Amino acid sequence: MAERSYPKGKKTVSDSLTESIKSIRYEDINGANRLFGGRLMEWIDDAAGIAARRHCGGNVTTACVDQLTFKHPAYLNDVVVIVAMVTYVGHTSMEVRVDSYVEDVHSGVRCLINVAYLTEVCVDDDGRPTSVEYGLTLETDGERRENEDAMKRIIFRKTRAAEGF
């Protein structure tokens, strides 16, 4: 595998893009025969952590799940595709967007079932926050929009924290 260097200490969104594929099994469903929300949350957290680790090159911990929107159910034997991408990089933290889909195995068509935003903090070997080594290069209009929206979410979180929420 060829070694890759990152210009000016930055990585692109695609450098840490992470895709995970799961098949829903009996242990993943709830009493209503749908994918258990907690299981999907576990898969989302795992994908977000991997994307953040790929970006920062170190260990991370989940600090916040800012949004988790369930749009459609998934059922036994469905194929779930989870796509995670870094949308914002701060001093010690990164925001990661995670989209989850049910994929029709015959057509390849994906139906969005969940959108989530997580804040991952880069940590040292002792679990203390440490600087993210790489900045984020935004290459597309969509990536720039996500980054702008991430900054709005950061301001919103800080405002809510200051108000005691």
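As a reminder, the structure under discussion sits directly above these lines.
Conventions adopted
- Residues numbered from 1 in each chain as written.
- Predicted model: local features only at pLDDT ≥ 70, side-chain atom pairs only at ≥ 80, totals over all residues.
- Heavy atoms only, no water.
- Helix = DSSP H or I, 4+ residues; strand = E, 2+ residues; numbered from the N terminus.
- Expected span 1.5 Å × (residues − 1).
- Buried < 20%, exposed > 50% of the residue type's maximum accessible area, 1.4 Å probe, protein only.
- Arc of directions from axis to C-beta.
- Core = buried A, V, L, I, M, F, W, Y, C linked by side-chain atoms within 4.5 Å.
- Contact = heavy atoms within 4.5 Å.
- Salt bridge = Lys/Arg side-chain N within 4 Å of Asp/Glu carboxyl O.

Asker: So what exactly am I meant to see when it comes to helix H3 (residues 141-162) here?
Answerer: An α-helical turn contains 3.6 residues, so any two residues separated by three or four positions project in the same direction. Its 22 residues place the ends of H3 32 Å apart at the C-alpha level, agreeing with the 32 Å of an ideal helix rising 1.5 Å per residue. When H3 is considered as a whole, its buried residues turn out to be Glu143, Glu146, Asn147, Ala150, Arg153 and Ile154. All buried residues of H3 lie within an arc of 120° about the axis, which places them on one face of the element. Along H3, the residues that are exposed and aim more than 90 degrees away from the buried face are Asp141, Arg145, Lys152, Ile155 and Ala162.

Asker: Could you clarify how one ought to interpret the nonpolar core in this entry?
Answerer: Within soluble globular proteins, side chains that are nonpolar tend to cluster in buried spots. Membership of the largest hydrophobic core comes to 34 residues, with the highest contact counts inside it found for Leu40, Val80, Met94, Val96 and Val98. Sorting the residues of this core by element identifies helix H2 (37-56), strand S4 (79-89), strand S5 (93-103) and strand S6 (110-123) as the ones contributing at least two each. Among the elements that make up this core, the one with the highest residue count is S4 (9 residues). Excluding anything up to four places from it in sequence, leucine 40 contacts Leu35, Phe70, Val80, Ile82, Ser100, Ile113 and Asn114.

Asker: How should the side chain of histidine 55 be read in this particular structure?
Answerer: Within the fold, histidine 55 resides in helix H2. Residue classification places histidine 55 among the buried residues on the basis of a relative accessible area of 0%. Not counting the four nearest positions on each side in its chain, histidine 55 is found in contact with Lys11, Ser16, Val86, Val89, Met94, Val132, Tyr134, Gly135 and Leu136.

Asker: Sorry if this is basic, but what is going on with unusual backbone geometry here?
Answerer: Residues apart from glycine generally show negative phi values, whereas peptide bonds are mostly found in trans. The phi torsion at asparagine 33 lies on the positive side, around 65°, for a residue other than glycine. As for its placement among the helices and strands, asparagine 33 is situated in the loop between strand S2 (18-23) and H2. Of note, asparagine 77 is a non-glycine position whose phi angle comes to about 75°, a positive value. Structurally, asparagine 77 can be placed in the loop between strand S3 (59-70) and S4. Assessed through its relative accessible area of 60%, asparagine 77 is described here as exposed.

Asker: Would you explain the pattern of salt bridges in this entry?
Answerer: The tally for this structure, following the rule as stated, stands at 13 salt bridges. Across the pair arginine 39 and aspartate 28 runs a salt bridge, and its minimum N-O distance is 2.8 Å. Of this pair, arginine 39 sits in helix H2 while aspartate 28 sits in the loop between S2 and H2, placing them 11 residues apart in sequence. The salt bridge involving glutamate 42 is made with arginine 39; its shortest N-O contact spans 3.4 Å. Pair noted here: glutamate 42 and arginine 39 are both in helix H2, with a separation of 3 residues, about one helical turn. Given a relative accessible area of 45%, glutamate 42 falls into the partly exposed group. Overlapping salt bridges bring together Glu95, Arg97, Asp99, Glu146 and Arg153 as one network.

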